[in-house]
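# Commentary on secondary and tertiary structure
Okay, here's what each chain looks like letter by letter:
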Amino acid sequence: MKARQALYIDGVWCPAEGRDTIDVVNPVDEQVIGQVPAGTAEDVDHAVRAARAALPAWAAAPPAERAARLAALRDVLVARKDEIAGTITAELGSPLAFSQAVHMGTPIAVAGSYAELAATYAFEEKVGNSTVYHEPIGVVGAITPWNYPLHQIVAKVAPALAAGCTVVLKPAEDTPLTAQAFADAVHEAGVPAGVLNLVTGLGPVAGQALAGHPDVDLVSFTGSTAVGSRIAATAGAAVKKVALELGGKSANVILPSADLARAVNVGVANVMSNSGQTCSAWTRMLVHTAQYDAAVELAARAAAKYGDRIGPVVNARQRDRVRGYIEKGLAEGARLVAGGVEPPRERGYFISPTVFADVTPEMTVAQEEIFGPVLSILRYEDEEDALRIANGTVYGLAGAVWAGDEAEAVAFARRMETGQVDINGGRFNPLAPFGGYKQSGVGRELGVHGLAEYLQTKSLQF
């Protein structure tokens, strides 16, 4: 897709001459593939005013009409699947097959789920002598990351539109072309002018202006815990609701009764997926001491298979950050059994699939989110030790438990301080609530729980 020198506001592409521009770089070959406008606070204000003007009509639209527009949006995404997948590959570096299957497949499913929910959700209910109404919260400021550029947009915009809200979207500056393609899809789907507005720009400028705008009723942000904390502080000054999906350092707990080879191989695949740029990745593998050496050997062999399968990380800054964590792991005494800091290619922001053994819970690589293809393997003595290690970070986004008996795995998972746990390799469910405990965030995305984030409740007593 060719980059537009424009912002999508009030149903039209508004030329943005005179703005600074943001280079869009292909992380495979480090070449600039386009430029987009660096939106200003004034641009954000223009977009918010358009969203505010469009709100009354969209909020009053019958749920069936909102459902029809979302169904049309899903159909447009299906029709443009290969084109948008190519855009994602160009600006994120994801292998094309992964872009088609995951980066497109998941948001298509999510858009479809909200088309159904908009048509079936009980926006009005009777509770005793009260009628309870679930009403749109208003104008939403959606600030999205680059790691799953279309999915993260759809996971915010689709439930907001289903609820009757209008949206101003500020996408990550690394992947703005995907956001422009999404705005085109929304337009083609017949969503009314002003219901979705797009302002590309930098976080400290456009993002900050959006989070602090007095006419934004809810800020939905996905990204780092540090930035999420600042957004919450900005929104809190105006007593504004926030939904925050933040960092993770998820534990993959392999109990002694599990199928060790399967648990390790699936665990490595989970970490390497999307070049490790997944907030819910199981980046800490916890193995009983009696099985530890075997697990390390299995993981090292599995990681070696991903050398030519994964793409680069998104940019030079992220590449250097991940390398810094690998160096830190070595300095603190972790044992490298796969990968390392040496670049696997002369060009591009590539990181070798990396596995650390002999990691202890207090090490930096066991505590901080690396956001790259780096796995840490920790040993535990018994289940209580495993639980202490699993819960021993500031994060609580996701995780996994493996056991020969499902009930054993469930009993352990219920004690984990985390928002989502996969049991014996359970599949991702786009209808299940996604979100974290502790510093992994506030609120939930996806399914009916995600829709509820964009609604407020009013009761009338009779």
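In case you missed it, the structure is sitting above this.
These numbers were taken from a predicted model, which means no experiment stands behind them.

### A closer look at the pattern of salt bridges
Under the criterion given, the structure shown has 19 salt bridges. Across the pair Lys458 and Glu135 runs a salt bridge whose closest N-O atoms are separated by 3.4 Å. Remark: Glu135 occurs in strand E6 (residues 130-136) and Lys458 occurs in strand E22 (residues 455-461); sequence separation between them is 323 residues. You can call Glu135 partly exposed: its relative accessible area is 25%. Residue Lys328 pairs with Glu332 through a salt bridge whose shortest N-O separation is 3.9 Å. Glu332 gets classed as partly exposed once you look at its relative accessible area, which sits at 32%. Overlapping salt bridges bring together Arg335, Asp358 and Arg379 as one network.

### What to know about the sheet that holds strand E14 (residues 335-338)
Note on sheets: strands pair through backbone hydrogen bonds, and any given pair is parallel or antiparallel. Strand order in the open sheet formed by 7 strands is E14-E15-E16-E13-E12-E18-E19, and the pairing between neighbours is mixed. What marks the edges here is a single partner per strand, and that holds for E14 and strand E19 (422-423). When strand E12 (residues 251-254) meets strand E18 (residues 399-402), the two strands line up parallel, connected through 4 bridges. In the sheet register, Asn252 faces E18, and the bridge partner there is Ala400.

### A few points about empty space enclosed by the protein
Summed over all chains, the structure comprises 4 cavities of 30 Å³ or more. Counted as a void, the largest cavity has a volume near 80 Å³. Around the largest cavity, the lining comprises 15 residues; the ones closest to its centre are Ala390, Tyr395, Gly396, Ala398 and Thr418. Among the residues making up the lining of the largest cavity, the classes are represented as 6 nonpolar, 6 polar and 3 charged.

### Observations concerning the packing of aromatic side chains
The final tally for this structure, using the stated rule, is 3 aromatic pairs. Measuring from centroid to centroid gives 4.9 Å for Tyr121 and Phe123, while their planes differ by 70 degrees, and the two rings are edge-to-face. Like Phe123, Tyr121 is buried. Both rings, one in Trp146 and one in Phe371, keep their centres 5.5 Å apart while their planes meet at 80 degrees; by these two values the pair is edge-to-face. Here Trp146, found in the loop between strand E7 (139-143) and helix H5 (149-163), pairs with Phe371, found in the loop between helix H12 (364-367) and strand E16 (374-380); they are 225 residues apart in sequence, far enough to count as distant. The pair Trp146 / Phe371 is uniform in exposure class, with both members buried. A cation over a ring is seen here: Arg345 above Phe350, with NZ or CZ 4.0 Å from the ring centre. Here Arg379 stacks its cationic end above the ring of Tyr292, 3.9 Å away from the centre of that ring.

### Regarding the sheet that holds E6
In space, the 3 strands of this open sheet follow the order E5-E6-E22, with antiparallel pairing throughout. In this open sheet, the two edge strands, each paired with only one partner strand, are strand E5 (124-127) and E22. In this sheet, adjacent strand axes meet at a mean angle of 25 degrees when their direction is disregarded. By the bridge criterion, 7 bridges tie E6 to E22 in an arrangement that is antiparallel.

### Structural notes on the nonpolar core
Here is a general trend for soluble globular proteins: nonpolar side chains tend to be buried in one another's company. Grouped together as the largest cluster of nonpolar side chains are 64 residues, with contacts concentrated most on Leu70, Phe182 and Leu196. At 10 residues, H5 tops the list of elements feeding residues into this core. Dropping the residues within four chain positions of it, Leu70 is found in contact with Ala111, Tyr114, Ala115, Ala118, Ala158, Leu161 and Ala162.

### Quick look at unusual backbone geometry
In this model, Asp10 sits at a positive phi of 60 degrees, which is unusual for a non-glycine residue. Secondary-structure assignment places Asp10 in the loop between strand E1 (6-9) and strand E2 (12-15). A positive phi angle, near 65 degrees, is found at Glu30, a position not held by glycine.

### Quick word on helix H11 (residues 316-331)
In an α-helix, one turn spans 3.6 residues, which is why side chains three or four residues apart end up on the same side. Across its 16 residues, H11 extends 22 Å between first and last C-alpha, which sits within 8% of the 22 Å expected from 1.5 Å per residue. Taken together, the buried positions of H11 are Gln318, Arg319, Val322, Arg323, Tyr325, Ile326 and Gly329. The buried residues of H11 occupy one face: seen down the axis, they fall within an arc of 155 degrees. Exposed residues on H11 whose side chains face more than 90 degrees from its buried face are Arg317 and Ala331. Summarising the contacts, the buried residues of H11 are in contact with strand E15 (354-359), H12 and E16. Between a side-chain oxygen at the N-terminus of H11 and the backbone nitrogen of Arg317 the separation is 3.2 Å; the capping residue is Asn315.

### Remarks on the environment of Val227
With respect to the helices, strands and loops of the structure, Val227 is situated in helix H8 (residues 225-236). When the C-alpha positions of Val227 and Leu244 are compared, they lie 10.0 Å apart, and in sequence the two are 17 residues distant.

Reading the values: rules and limits
- Residues numbered from 1 in each chain as written.
- Predicted model: local features only at pLDDT ≥ 70, side-chain atom pairs only at ≥ 80, totals over all residues.
- Heavy atoms only, no water.
- Salt bridge = Lys/Arg side-chain N within 4 Å of Asp/Glu carboxyl O.
- Helix = DSSP H or I, 4+ residues; strand = E, 2+ residues; numbered from the N terminus.
- Buried < 20%, exposed > 50% of the residue type's maximum accessible area, 1.4 Å probe, protein only.
- Pairing = 2+ DSSP bridges.
- 1 Å grid on protein atoms, 1.4 Å probe; cavity = no way out; pocket = protein on both sides within 12 Å on 5 of 7 lines; lining within 4 Å.
- Points joined across faces, edges and corners; volume = space filled by probe spheres on them.
- Nonpolar A, V, L, I, M, F, W, Y, C, P; charged D, E, K, R; others polar.
- Phe/Tyr/Trp six-rings, centres within 6.5 Å; stacked < 30°, edge-to-face > 60°.
- Lys NZ or Arg CZ within 6 Å of the ring centre and 35° of its normal.
- Axes fitted to C-alpha atoms, helices over the stretch in contact; angles between N-to-C directions.
- Core = buried A, V, L, I, M, F, W, Y, C linked by side-chain atoms within 4.5 Å.
- Contact = heavy atoms within 4.5 Å.
- Expected span 1.5 Å × (residues − 1).
- Arc of directions from axis to C-beta.
- Polar contact = N/O pair within 3.5 Å; in protein donor to acceptor, adjacent residues only side chain to side chain.

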